[in-house]
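Working through the structure, step by step
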Amino acid sequence: MTVSTDLWRQWAVKLAQHASWVLPGAHASWAEAMRRELDYIADDRTALRWALGCILASYKARLTAWSGFSPRAVLRQAAASGGLMLLIGLGLLENAGGQTKPPRPLFNETTCDLPNVAPDLRPRLRCGTVGVPRDYDNPDAGHFNLAVVVIKSEQQPSWPEPVIYINGGPGAPLTVYAAYQARTPYAPRRDLILVDQRGTGRSEPSLCPDLERKLLDANFAIAASAADDAIAARQAVYLACRDQAIGRGLDLRNFGTRITVEDFEWVRQALGVERWNVYGESYGTTVAMTLVALHPNAIRSAVLDSIYPPDPMPLQSAIVSDARDAFFAHCRQDKVCSKSFPDLAETYRDTLGRLDQNPLVVTLPPRMRQAEDRVTVTASLFEAGVSDLLYYPNAYPALPRMIQSVHDGDAQGPATDLAAQPAAAETPNLATHAAVECRDRPHLHAQLPVGASVLDRRQLYGVCDRWSEPGPLPLVPVGARVPILVLAGQFDPVTRPASSRHVAELIGDSARFVEFPLIGHNVRHFSPCGTRIAADFIDHPAQAPDTSCAERIAPIRFLPKYRTP
Amino acid sequence: MPMPRKPNNSRQARALFAALVDRSQTWRHGYDLAKETGLKSGTLYPLLMRLSEQGLLESRWQEAERPGLPPRHVYRLTASGLVLAREQELAVIAAERAGALA
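In this numbering scheme, every chain counts its residues from 1 along its sequence in written order. Lettering of chains starts at A and numbering of ligands starts at 1, both following the order in which they are written. Whole-chain, interface and lining totals are the exception, using all residues; otherwise, since this is a predicted model, local features are given only for residues with pLDDT of at least 70 and side-chain atom pairs are given and counted only at 80 or more. Hydrogens and water are ignored here; the side-chain numbers use all heavy atoms of the structure.

1. Details of the interface of chain A and chain B
How we decide: Note on definitions: a residue-residue contact is assigned when non-hydrogen atoms from the two residues lie within 4.5 Å. When two parts are put together, the accessible area they lose, computed with a 1.4 Å probe and summed over both, is reported as buried area. Only one rule defines a salt bridge in this text: a Lys or Arg side-chain nitrogen within 4 Å of an Asp or Glu carboxyl oxygen. For the purposes of these results, a polar contact is taken to be a pair of N or O atoms within 3.5 Å, where, inside protein, one atom must be able to donate a hydrogen and its partner to accept one; residues adjacent in sequence count only when each atom of the pair is a side-chain atom. Numbering of helices and strands starts at the N terminus; helices are DSSP runs of H or I of at least 4 residues and strands are runs of E of at least 2.
Taken together, the contacts link 25 residues of chain A with 27 residues of chain B. Buried area between chain A and chain B, both sides added, is near 2,400 Å², and the carbon and sulfur share of it is 69%. When the area that chain A buries against chain B is broken down by residue, the three leading residues are A:Trp30, A:Tyr40 and A:Trp50, summing to 31%. Between chain A and chain B we count 1 salt bridge in total. In this structure, the salt-bridge partner of A:Glu37 is B:Arg72, at a minimum N-O distance of 2.7 Å. Our count for the chain A to chain B interface comes out at 6 residue pairs in polar contact (both at pLDDT 80 or more). When contributions to the side of chain A that touches chain B are tallied by element, the ones reaching two or more residues are helix 2 (28–37) and helix 3 (44–66) of chain A. Considering every element that reaches the side of chain A that touches chain B, the biggest residue donor is helix 3 of chain A, with 9 residues.

2. Quick word on the pattern of salt bridges
Residues and elements named next belong to chain A. Using the criterion set out here, one finds 20 salt bridges over all chains in the structure. Among the salt bridges present, the one from Asp-243 reaches Arg-242, with a minimum N-O distance of 3.4 Å. A single salt-bridge network, built from bridges that share partners, covers Glu-32, Arg-35 and Arg-36.

3. Here's the deal with the sheet that holds strand 1 (residues 107–110) of chain A
Residue and element names in this part refer to chain A. Counted only if it meets this: Any two strands are treated as partners once DSSP identifies two or more bridges connecting them. Here an angle of 0 to 180 degrees is reported between the N-to-C directions of two axes, which are lines fitted to C-alpha atoms, with helices fitted over the stretch in contact.
Across the sheet, which stays open at both edges, the 9 strands sit in the order 1-2-3-5-4-6-7-10-11 with mixed pairing between neighbours. Strands at the two margins of the open sheet, each flanked by one partner only, are strand 1 and strand 11 (511–516). Pairs of neighbouring strands in the sheet enclose a mean axial angle of 25 degrees, with direction left out of account. Sheet strands touched by helix 22 (residues 528–539): strand 4 (159–166), strand 5 (190–195), strand 6 (276–281), strand 7 (299–305), strand 10 (484–489) and strand 11. Its angle to strand 7, the strand with the most contacts, is close to 165 degrees.

4. Re the state of the cysteines
Residues and elements named next belong to chain A. What counts is decided by this rule: Any two cysteine sulfur atoms lying within 2.5 Å of each other are counted as a disulfide. Buried residues are those whose accessible area, probed at 1.4 Å on protein chains only, stays under 20% of the maximum for their type, while exposed residues exceed 50% and partly exposed ones sit between those limits.
Taken as a whole and judged by the stated rule, the model has 5 disulfides over all chains. Across the disulfide, Cys-112 is cross-linked to Cys-127 (sulfur-sulfur distance 2.0 Å). With the S-S bond torsion at 105 degrees, the cross-link from Cys-112 to Cys-127 turns out right-handed. Highlighted residues: Cys-112 in the loop between strand 1 and strand 2 (125–133) and Cys-127 in strand 2, separated in sequence by 15 residues. Looking at Cys-127, the relative accessible area reads 5%, which means it is buried. At a sulfur-sulfur separation of 2.1 Å, the disulfide partner of Cys-438 is Cys-464.

Any functional reading would require information beyond the geometric quantities listed.
Dropping the structure here:
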């Protein structure tokens, strides 16, 4: 039999990866040390011999750690009874040939195929997949390949204990944004790990990839009107997707934060990471909190940026109402804003009434791809648009004049930006979004509450009760010992700062809470001060970070009333 | 109960000490040590781990010498490690002298 040298090298890499798996915990850095030497061994056969030695070394260390047995005696016994190494080797060769289920966490490194990657970034990227069990309770159910990208810190050597960033959604892709993430590291001296959660981005499974397109009309109809037929139409589209997924052999019970958390843990082991720093943003905080609750020993620190707490949650419309009121109150206190818009809250309420009577038809540019390049701004659409803009501090300077512009019936001016908002919103994989939310959120299995507004109708009421049973629920790590930093924005339309503070109090003494004035959802994304505080905290989680910059946030430079040119 | 400290006077341990003490101020790579001592990785790394746990060896990550390569783990003896290595050298010399006299 002839074996290509490439194959020797591949086996060497797989054996070294296996050694990493054998040596988790305190010895993980040793496994990484052995593995990295492979890159300095030019000869492929020598590399394979080196990797076989790594296996032996890792088992020796593992056995020593397990007990007071002499590793030599244990190995001698194993060799005499059939050859431990032979079994390991055969198992791994089987893996190398392509397995149907992952017997253990492995990182299969591939070439990086990512957009917008500058040449100087390329050497810092490691891309690959990790096969995770479809069903953690049934190892024979096969696996899903998750896309994983490791961005090595710009300054080498990296500090130990990398950062795992867990993005929002659920359902949003992440690895496709690796180039952006590399430019804005969470802790610049540490490696950054990105994972497309199951059913998102480049990770399997592809759950109803055409759902976003099919839902475009239905979602727009729901944003525009509270009519029952709009809700029924959306439900029909979702249920067709559900049937399609089940027809393809997918079990919708294999989704939800509790599953996602096990995926992350699997990825951690596959990468040979002993402990990592977890940065959760928005829905990512739901995952991060559950991860801290279930796998605290693998976590050095956690940042919860704009918490999305587990159920029970208030109605979304009530949370947005509070955020909106806080923004209007700020306008009242601001010299420029109050001069141009003396009672923005009243203007807002009056606009809703006017639009109820006479919706405003606004012309949009063709790139917004609206039928006949027009949008009819109803009261519901207006409410949704204002709510969405509260996410983004860079929209705050113009938000009062947008509201005033719609109020005045000006279809040409700033109203167009507001009308375009629902069409411009980023669409995650909506099927995965439903698959996770319906497992995580029992309240979505109830009927749409009385008094619900458009903001509640956009939730998955009327979908979840037909989609799947609620699953095991996400957790708040009450009493956790892991150092945790909670960041909250004053105008966050997803979670009230008071709710985030409450979660921090539930966690206990290990949690520090920082509220950022004049910020909405996703603090770090919009606040250099938040970025600095988070980075300091990740590098020194046992110390109280200097949060004084949060008290010196630059004021909003409100734009004056729009005057038609 | 703490595990008893393992002796470091095996042939392999002595070979490793000899290589490390030879250039005691230089940080050494695993593969280079393997080449110099003739130890296979399966023997070398358990020894390195053990010496490290006993406080005889220090390690750190060193930036790659060439771009595109990963950082490497490097090793050198601690002050205690150096003392032990010198003691071993003296013991070997003493044993050789004893042998010569016998």
